[in-house]
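For reference, the chains in residue letters:
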Amino acid sequence: MILYFLIFTLTFCLALVSIQRQPSYVDGVYDSRIYLDWLFIIFLFSIFVGLREKVGGDWDIYLEHHFEASNGDLLGTIQKFGDPGYYLLDWIFANLGASIHIVNFICAIIFISGLSFFCRTLPRPLLGLAVAIPYLIIVVGMGYTRQSVAIGFAMIAITNLINQKTFKFILFVFFAMLFHKSAIIFLVLGLISRSGNTLITFFGMLLLGIIGFYLFLDSYIDQLYQNYILAESNSAGAFVRLLMNFFPAVIFLILRKSMNLPEIEYGLYTWMSWASVALFILFFLTNASTALDRVALYMIPLQLAVFSRIPSLNGSDIFSKSISFLLIIFFYLVVMMVWLNFANHADLWIPYDNILFKILT
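A quick note: this is a predicted structure, and the numbers were derived from the prediction, not measured.

Observations regarding the overall build of the chain
Part 1: Per the secondary structure count, the chain includes 18 helices and zero strands.
Part 2: Here the chain holds 361 residues, and 53% of them are scored as buried.
Part 3: The contacts of the chain with a sequence gap of at least 6 include a subset with a gap of at least 24, amounting to 76%.
Part 4: Total accessible area on the chain stands at roughly 16700 Å², and carbon and sulfur atoms take up 70% of it.

This is the structure we're talking about:
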């Protein structure tokens, strides 16, 4: 548990002393390119997440799937488990005799790279990274491997959407859907956030959404309904996680006009905020908390986007900025402490272990 707090504290300290960036372009967009310092961050966090040893809620399940993939054909493996992107990767390395750690490491590189690209679209990238540590990195990155990759690709897609690269946005959403079909939600978000653009873009993305639905979701509707609705699906802790998105969503909807966002980001984060509010309300109106919880994972980037901008709303007032930083630190410190000490399955993350510890000792 100490390592989790150490990484969180170190990242927040670096964020605290970092200088706020200025937009790189006249439209207010930041340079999202990755330089040497962020390559180092990607490398370290990929080792932390990807080379974990027996850490995470689905560790045994993924290990079992890896073993089955090594004894089965590719088509049969994909038909049995779905999500062709992940199970193609898993099948290849399982049949090469590689351990699950290699698959996890590659998935972690994609996930952390996507997170890093998204953080680079923020005025305070390191603050965004620090906000991501307690839940997005530790819980999602180490617990939901396939969906973490989907989120990684989705964050790359968002970065391309912000930079008005529509084709790349669609391409990376497609990659995300190969690892978790629920990522199709980003086609919808991209569509409505760019609704002011040409009709060709509008109908092109709409058509892709329909095609994506029939290719990736239609044959799984019954399975999803059984797993997430009828089986109930009262995901433990869903209320708290939905609240974590609801809180910054409300802040954004109240303060969005003072954030001076480019048009695309303004539209995207507005719709993500309303989606987060709707998911929180639906929690009290339905029994499908697991389904809501899984969809809400794609709204987590909103937390990074909002909280990385809060200190900047106070102008040059150093005292106010410091208070904002401390409140954000305290909030996510409490989140991590509560989760690691009281979550139903937190024991699957404690103690943290890494395959490198065994190699180096």
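Some thoughts on the nonpolar core
Part 1: Grouped together as the largest cluster of nonpolar side chains are 109 residues, with contacts concentrated most on Tyr4, Ile137 and Tyr269.
Part 2: With 14 residues, helix 7 (residues 125-143) is the single largest residue contributor to this core.
Part 3: Setting aside its immediate chain neighbours within four residues, Tyr4 contacts Phe48, Val55, Ile138, Met142, Met336, Leu340, Trp349 and Tyr352.

A few points about the environment of Ile41
Part 1: Position of Ile41 relative to the elements: it lies in helix 2 (residues 36-50).
Part 2: Ile41 sits 72 residues away from Ser113 along the chain, and the two C-alpha atoms are 9.2 Å apart.
Part 3: Leave out the neighbours within four places in its chain, and Ile41 touches Leu126 and Leu129.

Some remarks on the packing of helix 8 (residues 145-162) against helix 9 (residues 166-179)
Part 1: Helix 9 packs onto helix 8 with a crossing angle of 175° between their chain directions and a minimal axis gap of 8 Å. Taken together, the axis directions place helix 8 and helix 9 in an arrangement best described as roughly antiparallel. Counted together, Arg146, Val149, Ala150, Phe153, Ala154, Ile156, Ala157, Ile158, Asn160 and Leu161 of helix 8 and Lys168, Phe169, Phe172, Val173, Phe175, Ala176 and Phe179 of helix 9 form the full contact between these two elements.

Some thoughts on unusual backbone geometry
Part 1: Cis geometry is adopted by the peptide bond preceding Pro351, which originates at Ile350 and carries an omega value of -5°.
Part 2: Turning to its location among the elements, Pro351 is positioned in the loop between helix 17 (318-342) and helix 18 (355-360).
Part 3: For Asp83, which is not glycine, the phi torsion reads 45° and is therefore positive.
Part 4: With a phi close to 50°, Asn260 is a non-glycine residue in the positive phi region.
Part 5: Tracing the chain through its elements places Asn260 in the loop between helix 13 (238-255) and helix 14 (263-285).
Part 6: Since its relative accessible area comes to 66%, Asn260 is described here as exposed.

Examining the packing of aromatic side chains
Part 1: Applying the stated rule across the entire model yields 28 aromatic pairs.
Part 2: Their ring planes at 90° and their centres at 5.4 Å tell us that Phe283 and Phe284 sit as a pair that is edge-to-face.
Part 3: For Phe284, a relative accessible area of 51% puts it in the exposed group.
Part 4: Centroid distance Tyr352 to Phe357: 6.2 Å. Interplanar angle 80°. Geometry classified as edge-to-face.
Part 5: Here the aromatic residues Tyr4, Phe45, Phe48, Tyr352 and Phe357 are joined through ring pairs into a cluster of three or more.

Structural notes on the side chain of Asn160
Part 1: Mapped onto the elements, Asn160 comes out in helix 8.
Part 2: Only 2.9 Å separates the side chain of Asn160 from the backbone oxygen of Ile156, close enough to count as a polar contact.
Part 3: Setting aside residues no more than four positions away along its own chain, Asn160 makes contact with Lys165, Lys168, Phe169 and Phe172.

Observations regarding helix 6 (residues 100-119)
Part 1: With 20 residues, helix 6 should reach 28 Å at 1.5 Å per residue; the first-to-last C-alpha distance of 28 Å fits that figure.
Part 2: Counting buried positions along helix 6 yields 15 of 20 residues, so the element is predominantly enclosed.

Some points on the pattern of salt bridges
Part 1: Summed over all chains, the structure comprises seven salt bridges.
Part 2: Here Asp83 makes a salt bridge to Arg146, at a shortest N to O gap of 2.7 Å. Of this pair, Asp83 sits in the loop between helix 4 (74-81) and helix 5 (84-95) while Arg146 sits in helix 8, and the two are 63 residues apart along the sequence.
Part 3: Its relative accessible area of 3% is what places Asp83 among the buried residues.
Part 4: Lys181 is paired through a salt bridge with Asp83; the nearest N and O atoms lie 2.8 Å apart. Placement of Lys181 in the loop between helix 9 and helix 10 (185-193) and of Asp83 in the loop between helix 4 and helix 5 is noted, with a sequence separation of 98 residues between them. Across the pair, exposure class does not vary: Lys181 and Asp83 are buried alike.

Focus on the confidence of the model for the chain
Part 1: Per-residue confidence for the chain averages 85 on the pLDDT scale, and 87% of its residues sit at or above 70.
Part 2: Low pLDDT, under 50, characterises residues 218-222; the stretch is placed with four contacts to residues that sit more than four places away or in other chains.
Part 3: Considering only residues more than four positions removed or in separate chains, one finds that residues 228-233, a stretch of pLDDT under 50, has 18 contacts.

Concerning a nonpolar patch on the surface
Part 1: Together, Phe239, Val240, Leu243, Ile281, Leu282, Phe284 and Leu285 give the surface a local cluster of nonpolar side chains, amounting to about 640 Å² of exposed area.
Part 2: For the nonpolar patch, the elements supplying multiple residues, two or more each, are helix 13 and helix 14.
Part 3: When residues of the nonpolar patch are assigned to their parent elements, the largest contribution, four residues, is made by helix 14.
Part 4: Topologically, Leu285 is positioned in helix 14.
Part 5: Classification of Leu285 by relative accessible area gives exposed; the value is 66%.

Analysis parameters
- Once a new chain begins, its residue numbering starts again from 1 and follows that chain's sequence as written.
- Selection of residues for local features in this predicted model requires a pLDDT of at least 70, selection of side-chain atom pairs for listing and counting requires 80 or more, and totals for whole chains, interfaces and linings are taken over all residues.
- Note that water and hydrogens are dropped before the side-chain values are worked out from all heavy atoms of the structure.
- Helix and strand definitions here come from DSSP, where helices need a minimum of 4 consecutive H or I residues and strands a minimum of 2 consecutive E residues; each element is numbered from the N-terminal end.
- For every residue, the accessible area obtained with a 1.4 Å probe (protein chains only) is divided by the maximum for its type, and the residue is called buried under 20%, exposed over 50%, and partly exposed between those limits.
- Any two residues whose heavy atoms approach within 4.5 Å at even a single point are treated as in contact.
- Note on areas: these come from Shrake-Rupley sampling with a 1.4 Å probe, and a residue is covered only by the protein chains present in the view.
- Among buried residues, the Ala, Val, Leu, Ile, Met, Phe, Trp, Tyr and Cys ones that are joined through side-chain atoms within 4.5 Å form a nonpolar core.
- Every angle, taken between N-to-C directions, lies between 0 and 180 degrees, and every axis is a line fitted to C-alpha atoms, over only the stretch in contact when it is a helix.
- Small angles under 35 degrees read as roughly parallel and large ones over 145 as roughly antiparallel, with 65 to 115 read as roughly perpendicular and the rest as oblique.
- Between rings of Phe, Tyr and Trp, where Trp is taken as its six-membered ring, a pair exists when centres lie within 6.5 Å; planes separated by under 30 degrees are stacked, by over 60 edge-to-face, and by other angles tilted.
- Polar contact criterion, stated in full: a pair of N or O atoms within 3.5 Å, where within protein one must be able to donate a hydrogen and the other to accept it, and residues adjacent in sequence count only if both atoms are side-chain atoms.
- The length a helix should cover is 1.5 Å for every residue beyond the first.
- Salt-bridge detection follows one rule: a side-chain nitrogen of Lys or Arg within 4 Å of a carboxyl oxygen of Asp or Glu.
- On a range of 0 to 100, pLDDT expresses the predictor's confidence in each residue.
- Residues qualify for a patch when their relative accessible area is over 30% and they have no salt bridge, like charges being joined within 9 Å and the nonpolar side chains of Val, Leu, Ile, Met, Phe, Trp and Tyr within 5 Å.

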